[in-house]
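For reference, the chains in residue letters:
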Amino acid sequence: MAKNKADIIISCTDVNKWFDDFHALKGINMEIKRGEVIVIFGPSGSGKSTFIRTLNRLEEHQKGTIIIDGVELGHDVRNIEKIRMETGMVFQQFNLFPHLTVLQNITMAPKWVRKWSSEKAEKVAMELLERVGIPEQAYKFPGQLSGGQQQRVAIARALAMQPTIMLFDEPTSALDPEMIKEVLDVMIQLAKSGMTMIVVTHEMGFARAVADRMFFFDEGQIVESGSPTDIFKRPKQDRTKLFLSQILQH
Amino acid sequence: MENIRTTKGAIRPPQPPGPLKWVRDNLFNNWYNTLLTVVLVPTVLFVLVQSILWVFTKADWRPIIENPMLFAVGQYPRDQLWRVAIGLSGIMFLMGASWGKWGGLLRTISLSFAIVFAFLALLPVQLETLDTDLRIYLGSTVLLIFIGAWLGRLKAVKKAYILIGWAIMPIISIIFLIGFEGVEKIPEVSTTFWGGLLVTFLLSAGGILASFPIGLALALGRRSSLPVVKGFSIAFIETVRGVPLVTILFMFSIILVLLLPADSSLDRLFRAWMAVTFFSAAYTAENIRGGLQAVPIGQIEAAKAVGMNAFQTMLFIVMPQALRAVLPTIVGQFISLFKDTTLVVIVGINDLLGIGRSVINMEPAFLQLDLEVYMFIAAVYWVFSYFMSRASARLETTMGTRTTL
Ligand SMILES: Nc1ncnc2c1ncn2[C@@H]1O[C@H](COP(=O)(O)OP(=O)(O)O)[C@@H](O)[C@H]1O
Ligand SMILES: [Mg+2]
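All values reported here derive from a predicted model rather than from experimental measurement.

(A) Seen up close, the interface of chain A and chain B. With 23 residues of chain A at the interface, the matching set in chain B holds 20 residues. Together, the buried faces of chain A and chain B total about 2000 Å²; carbon and sulfur atoms form 64% of this surface. For the pair chain A and chain B, the number of links is one salt bridge. A salt bridge links Glu301 of chain B to Arg53 of chain A, with the shortest nitrogen-to-oxygen separation between them at 2.7 Å. In this structure, the connection of chain A to chain B is made through six residue pairs in polar contact (both at pLDDT 80 or more). Looking at the side of chain A that touches chain B, the elements with two or more residues in it are α2 (77–86), β6 (87–90) and α3 (102–112) of chain A. In terms of residue count, α3 of chain A provides more of the side of chain A that touches chain B than any other element does, three residues in total. Along the lines of polarity and charge, the residues of the side of chain A that touches chain B split into 13 nonpolar, five polar and five charged.

Laid out in structure tokens, this is it:
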């Protein structure tokens, strides 16, 4: 699958989502190229999580199409499984498996989903732990780690499946301030390695450093999108300006 | 020495509270506690002393000392006792091996059995019922426990071997206890002859083992999206939980026979075991369901996100956490099941309590000694229940570090 950098890896057309009669996503259109780093931001409740979760079918969309690397997300279970193998996800609350060691957390899916041997899975897991900077924690349980360390394990766990796309839903929001940097550093390094990333975050430093494009969400819609320079220097919409002024004060 | 000299004269750290201070703070800290202490302490002491005196001087333990085998196995033919003996040794050997492999609580349990057996084997009192053969058997079983422990410690003996042993050993033992019709060496022994601790153990351990998978299936069934499976599970659980165990025992021992075709015969003990199993399964199901609900939704999402299918998610992520959360409850439930099996007396099965009652009626002299018999039975139940609840408490603490997020 040697594709050039310009090809579209994620294509969303008129994506709509309702929770009962609450309209959470109102016609989202988005095309993402291979290797792009996308930052999604916007007020709480604007549908950011809902949108990113439709991309690996943790939420089901009711209208519109989502095509990921040529596979359309629908009711076909095989397609869902294929797409979940190709996308990694990092959650706000880490969601590590508390009954498994750090190493087991990472090797579980490669062993059972990719059917790797234990040796291979553990070798890859140790390399990833090396990469996120905590190889010495391999045999601890998640409960024994700090929040920042847990989130780095969660990133390693997602990367172990060798995904082509990484989804991050507010990965640093649950962290104490002093731990945010260690996680962002890992994400920046990942972005520079050419990974396609969609990141819901309010860390504007991260956006400035590595984002290719930014999307501002409000009330289930994309209000504005553009390069970080466009968004920070010349925001077009009043709502974007207002929101940026609020979060940049801190 | 010098260190001590230099600290002399320095301010002394506050002394740890001595026994006298404890007494003052806890027993005589105000007038009504003082009154309570003055009244209660002599009463408790009096009861305690009288009880100990009764146990060692007044009580007549003949019904138990003269019939230990009756309490152990009931009327199981005396010339076939070696079959029970081999089954017990096999289980003790496995217990030892598990101690060697996993240690912890299994060590305590194995050692307790070893100590009791060794104590009986070496008892320096001549007892007709505790003959040389029996003493040799008990001694070799102790040896077997330790050989098992030594083997279990070896790397070559895999955990899987021991688990397989636990899976097949009980079945083999039971087949062995039943025997085969017409085979000379191991003739069939009808379960009507089985009794005592043997039956109590078979019913409770068998009920616990069998009810666990059934309870698990029912718990999952209750969450199923298939209406038939869900409906059946709910109906089963709620019906069984709405009815006392006695009723279920009667149903299985009387009504089941009426429903089945006349020529089919279902063993009485087997029917009681089914009743106990189904009864326990309904409670296990509800406990497990509670555990399943306690697993955060984020765990399932994380498993899905890494591509695990529903079955893998359930098996590797949800189940282990759910079971860990409810283990103490399930152990508690099993302790009550162990005690509840005494109800089978009602449908004519001679478990430990049943044997006790028949021993009392065995000789006119024993009629006065019912207190001794019931005391003995209570003590046996207490010891086993105590060990089980200690086991559960210990499991809770060892798992504590892993369940905290
Ligand atoms: N499972 C759900 N059921 C009902 N409403 C939901 C559910 N999940 C999210 N919502 C609603 O959808 C809206 C968007 O939520 P979300 O995507 O989590 O927002 P954000 O991540 O931008 O803060 C919110 O109003 C939220 O209350
Ligand atoms: Mg959110």
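(B) Local environment of the site of ligand 1. Residue and element names in this part refer to chain A. Around ligand 1, the neighbouring residues are Phe19, Phe22, Ala24, Pro43, Ser44, Gly45, Ser46, Gly47, Lys48, Ser49 and Thr50. Expressed as a share of its isolated accessible area of 560 Å², the protein-covered part of ligand 1 is 59%. Within the residue set of the shell around ligand 1, elements represented by two or more residues are β2 (22–33) and α1 (48–54). Looking at the shell around ligand 1, the element that brings in the most residues is α1, giving three residues. Across the shell around ligand 1, the residue classes tally to four nonpolar, six polar and one charged.

(C) Expanded view of unusual backbone geometry. Residue and element names in this part refer to chain A. A positive phi angle, close to 50°, is found at Asp14, a residue other than glycine. Structurally, Asp14 can be placed in strand β1 (residues 8–19). Taking the relative accessible area as the measure of exposure, Asp14 reaches 31% and is therefore partly exposed. In this structure, Asp69 is a non-glycine residue whose phi angle is positive, near 50°.

(D) Representation of the pairing of strand β7 (residues 165–169) of chain A. Residue and element names in this part refer to chain A. Of all five residues in β7, five are buried, a share of seventy percent or more. By the alternation rule, side chains of β7 split into Ile165, Leu167 and Asp169 and Met166 and Phe168, which are all buried. Looking at chain direction, β7 and strand β8 (residues 196–200) are connected through five bridges and run parallel. Among the inter-strand pairings, Met166 is bridged to a residue of β8, identified as Met197. The parallel pair β7 and β8 is bridged by helix α6 (residues 177–192), and the resulting crossover is right-handed.

(E) Focus on the nonpolar core. Core analysis: the largest hydrophobic core is formed by 54 residues, its most contacted members being Ile155, Met166, Phe168, Met187, Met197, Phe206 and Met214 of chain A. Here this core gets nine residues from one element, more than from any other, and that element is α6 of chain A. Leave out the neighbours within four places in its chain, and Phe168 of chain A touches Ile52, Val90, Ile155, Met187, Leu190, Met197, Ile198, Val199 and Val200 of chain A. Counting 42 residues, the second largest nonpolar core, distinct from the first, contains Tyr76, Leu203, Val276 and Val347 of chain B.

(F) Spatial organisation of the packing of aromatic side chains. If you walk through the whole model with that rule in mind, you get 23 aromatic pairs over all chains. Here Tyr386 of chain B and Phe387 of chain B contribute two aromatic rings whose centre-to-centre distance is 6.3 Å and whose plane-to-plane angle is 75°, an arrangement assigned as edge-to-face. According to the relative accessible area criterion, Phe387 of chain B is partly exposed, its value standing at 33%. Ring-pair connections join several aromatic residues into one group, and the members of that group are Phe201, Phe338, Tyr381 and Phe384 of chain B. A cation sits over an aromatic face here: Lys120 of chain A above Trp116 of chain A, 4.3 Å from the ring centre.

Analysis parameters
Residues numbered from 1 in each chain as written. Chains lettered and ligands numbered in written order. Predicted model: local features only at pLDDT ≥ 70, side-chain atom pairs only at ≥ 80, totals over all residues. Heavy atoms only, no water. Contact = heavy atoms within 4.5 Å. Buried area = accessible area lost by both parts, 1.4 Å probe. Salt bridge = Lys/Arg side-chain N within 4 Å of Asp/Glu carboxyl O. Polar contact = N/O pair within 3.5 Å; in protein donor to acceptor, adjacent residues only side chain to side chain. Helix = DSSP H or I, 4+ residues; strand = E, 2+ residues; numbered from the N terminus. Nonpolar A, V, L, I, M, F, W, Y, C, P; charged D, E, K, R; others polar. Near = heavy atom within 4 Å. Areas by Shrake-Rupley, 256 points an atom, 1.4 Å probe, with all protein chains shown as cover. Buried < 20%, exposed > 50% of the residue type's maximum accessible area, 1.4 Å probe, protein only. Pairing = 2+ DSSP bridges. Right-handed = clockwise from strand over helix to strand, strands pointing away. Core = buried A, V, L, I, M, F, W, Y, C linked by side-chain atoms within 4.5 Å. Phe/Tyr/Trp six-rings, centres within 6.5 Å; stacked < 30°, edge-to-face > 60°. Lys NZ or Arg CZ within 6 Å of the ring centre and 35° of its normal.

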